[in-house]
Amino acid sequence: MASKTRKPSAAEIARREEQLEAAHEMLVAKTAALVTSEGWAEYLAFAARFRQYSFNNTMLIMIQLPTATRVASYKQWAAMGRQVRKGEKGLSIFAPMMRKREDEKTGEEKRYVSGFRLVSTFDVSQTDGDALPEDPARPVLLDGDSPEGLDAGLLKIANENGYLLRFGPSTRGENGYTSPSEKMIQISEGLSDAQRTKTLIHEVAHMLLHCDDKALTEDALLHRNVAEVEAESVAFIVAQAHGLDAESYTLPYIAGWSNGKPEVVAATADRVLKTAKQILEVTEAKVEEAAEELLPA
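Residues numbered from 1 in each chain as written. Predicted model: local features only at pLDDT ≥ 70, side-chain atom pairs only at ≥ 80, totals over all residues. Heavy atoms only, no water.

Asker: Sorry if this is basic, but what is going on with the overall build of the chain here?
Answerer: Looking only at helices and strands, one finds 10 helices and eight strands in the chain. Taken over 297 residues, the chain has a buried fraction of 38%. Carbon together with sulfur atoms contributes 52% to the accessible area of the chain, which is approximately 17100 Å² in total. (Helix = DSSP H or I, 4+ residues; strand = E, 2+ residues; numbered from the N terminus. Buried < 20%, exposed > 50% of the residue type's maximum accessible area, 1.4 Å probe, protein only. Areas by Shrake-Rupley, 256 points an atom, 1.4 Å probe, with all protein chains shown as cover.)

Right, dumping it as structure tokens:
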């Protein structure tokens, strides 16, 4: 039986907090270096011209053209120097109809969604023209093992919040996702131990940070970007604290979701560090217990 976990001293807690803050500062600095590089900046400028699609629209596109990779409107392609070929059939998606109304309390004009309509988009394969910039940095899946006991700690946090863990096939190329309505975290099958654990940290961070965040309904795209930056920043810090090197995956990931703005990463510091500490309190204890169980009696 494992011995009772020793409580860290005040000095150890202070030292750990300094280490976590240093890790976040390093993340901000390295992200800034990446997004200001010429190749990445060019790619981000291109990617920013294309809207990010909802799950329903993604499914619509897949049904109409399963091989689609980059989809945009006729005008967006023209702005990027590409022309939709004559005779190509558009891919229908839902687009919000925006209206304005005056706020009764403040008198300010505010925009709201009054409904949806179908609009046509086209995949890059349906266009000709200027070459598109290559993505110079893509997230690289982690390889190798993860510390014994780390997954158990993450599962404990999920269960204490009423969430179950499920493993299943990837439906949209994702490594994992969190479903607040089902109270479930799903991790895709076939990942290495290290990538599975890093993904589980990311999804547990989502669970703690965003599943009850009412503000997510106010500006879904903006908050989705910030939510991904926060969850992956937490994953980076927790993974690093446990000796997992997630840099090759995390840096390109959060650079893309921050839209090339390092200040977005920096602005999340308080929430990220608080959540990382919350996770580490449980996972470090579980890893320590696992290590003690391996010791000879």
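Having seen the structure, we can now continue with the description.
Asker: Got a minute to help me understand the pairing of strand β7 (residues 176-179) in this structure?
Answerer: Residues in a regular strand project their side chains so that they alternate between the two faces of the sheet. Pairing of β7 with strand β8 (residues 184-188) involves four bridges; the strand directions are antiparallel. Each residue of the ladder has a partner; that of threonine 178, found in β8, is isoleucine 185. Hairpin connection of β7 to β8: four residues between the antiparallel strands, including lysine 183 at a positive phi of 55 degrees. (Pairing = 2+ DSSP bridges.)

Asker: I would appreciate a short explanation of helix α1 (residues 10-35) in the present structure.
Answerer: The periodicity of an α-helix, 3.6 residues per turn, causes residues three or four places apart in sequence to face the same way. For α1, built from 26 residues, the straight-helix expectation of 38 Å at 1.5 Å per residue is met to within 8% by its first-to-last C-alpha distance of 38 Å. Every buried residue belonging to α1 is among Leu20, Ala23, His24, Leu27, Val28, Thr31, Leu34 and Val35, and all of these are buried. (Expected span 1.5 Å × (residues − 1).)

Asker: What should I look at first to understand the packing of aromatic side chains in this one?
Answerer: Given two aromatic rings, their pairing is described by the distance between the two centres and the angle made by the two planes. What the rule picks out here adds up to three aromatic pairs. Ring geometry for tyrosine 74 and phenylalanine 122: centres 6.5 Å apart, planes at 70 degrees, overall edge-to-face. Of this pair, tyrosine 74 sits in helix α4 (residues 74-79) while phenylalanine 122 sits in strand β4 (residues 109-123), and the two are 48 residues apart along the sequence. Judged by its relative accessible area of 42%, tyrosine 74 is partly exposed. An angle of 45 degrees between the planes, with centres 6.4 Å apart, marks the rings of tyrosine 253 and tryptophan 257 as tilted. Here the residue tyrosine 253 and the residue tryptophan 257 both occupy positions in helix α8 (residues 247-257), the gap between them amounting to four residues, near one helical turn. Like tryptophan 257, tyrosine 253 is buried. Connected via pairs of aromatic rings, a cluster forms that spans Tyr249, Tyr253 and Trp257. (Phe/Tyr/Trp six-rings, centres within 6.5 Å; stacked < 30°, edge-to-face > 60°.)

Asker: I would appreciate a short explanation of a nonpolar patch on the surface in the present structure.
Answerer: A cluster of nonpolar side chains, Phe94, Met98, Val113, Phe116 and Leu118, forms an exposed patch at the surface whose accessible area comes to about 490 Å². Elements supplying a minimum of two residues to the nonpolar patch: β3 (91-102) and β4. In terms of residue count, β4 provides more of the nonpolar patch than any other element does, three residues in total. Position of phenylalanine 94 among the secondary structure elements: in strand β3. The exposure class of phenylalanine 94 is partly exposed, given its relative accessible area of 40%. (Patch = residues over 30% accessible without salt bridge, like charges linked within 9 Å, V, L, I, M, F, W, Y side chains within 5 Å. Salt bridge = Lys/Arg side-chain N within 4 Å of Asp/Glu carboxyl O.)

Asker: So what exactly am I meant to see when it comes to the side chain of aspartate 123 here?
Answerer: Within the fold, aspartate 123 resides in strand β4. An unpaired buried charge is present at aspartate 123: no salt bridge exists, and arginine 85, the closest side chain of opposite charge, is 8.0 Å distant. Within the local environment of aspartate 123, its side chain forms a polar contact with the backbone nitrogen of arginine 70, the two atoms lying 3.0 Å apart. Sequence-distant contacts of aspartate 123, that is, excluding residues within four places in its chain, are made with Leu65, Thr67, Ala68, Thr69, Arg70, Val71, Trp77 and Leu91. (Lys, Arg positive; Asp, Glu negative; His and termini not counted. Polar contact = N/O pair within 3.5 Å; in protein donor to acceptor, adjacent residues only side chain to side chain. Contact = heavy atoms within 4.5 Å.)

Asker: Before we go on, may I ask you to explain the packing of helix α6 (residues 193-210) against helix α10 (residues 269-293) in this structure?
Answerer: The description of two helices packed together rests on the angle between their axes and the distance between the axes. Contact pair α6 / α10: the axes reach a minimum separation of 10 Å and the direction vectors enclose 120 degrees. Here the hand of the crossing between α6 and α10 comes out right-handed. When α6 is examined against α10, the residues Val204, Ala205, Leu208, Leu209 and His210 are found in contact with a partner set consisting of Arg271, Thr275, Gln278 and Ile279. Partitioned by chemical class, the residues of the contact of α6 with α10 number five nonpolar, three polar and one charged. (Axes fitted to C-alpha atoms, helices over the stretch in contact; angles between N-to-C directions. Left-handed = near helix turned anticlockwise from the far one by under 90°. Nonpolar A, V, L, I, M, F, W, Y, C, P; charged D, E, K, R; others polar.)

Asker: Explanation requested: the packing of helix α5 (residues 150-160) against α6 in the structure shown.
Answerer: The geometry of α5 relative to α6 is characterised by a closest axis approach of 10 Å and an angle of 20 degrees between their N-to-C directions. As the angle between them shows, α5 and α6 are arranged roughly parallel. The hand of the α5/α6 crossing is left-handed. Of the residues in α6, those in contact with Leu150, Asp151, Leu154, Ile157 and Ala158 of α5 are Arg196, Thr197, Leu200, Ile201, Val204, Met207 and Leu208. (Parallel < 35°, antiparallel > 145°, perpendicular 65-115°, else oblique.)

Asker: Would you take a moment to explain unusual backbone geometry for this structure?
Answerer: As a rule of thumb, non-glycine residues mostly have phi less than zero, and peptide bonds are mostly trans rather than cis. Phi is positive for lysine 183, close to 55 degrees, though the residue is something other than glycine. Of note, lysine 183 is situated in the loop between β7 and β8. On the basis of relative accessibility, which here comes to 37%, the residue lysine 183 falls in the partly exposed class.

Asker: How should I be thinking about the sheet that holds strand β6 (residues 164-168) in this particular structure?
Answerer: Each strand in a sheet pairs with another by means of backbone hydrogen bonds, the pair being arranged parallel or else antiparallel. Read across the sheet, three strands follow the order β6-β8-β7 without closing on themselves; strand pairing throughout is mixed. Every other strand in the sheet has two partners, leaving β6 and β7 as the edge strands with one partner each. When strand polarity is set aside, the average angle formed by the axes of neighbouring strands in this sheet is 20 degrees. With respect to the sheet, α6 is in contact with β6, β7 and β8, its orientation differing from that of β8 by roughly 155 degrees.

Shape descriptors only; they carry no functional weight alone.
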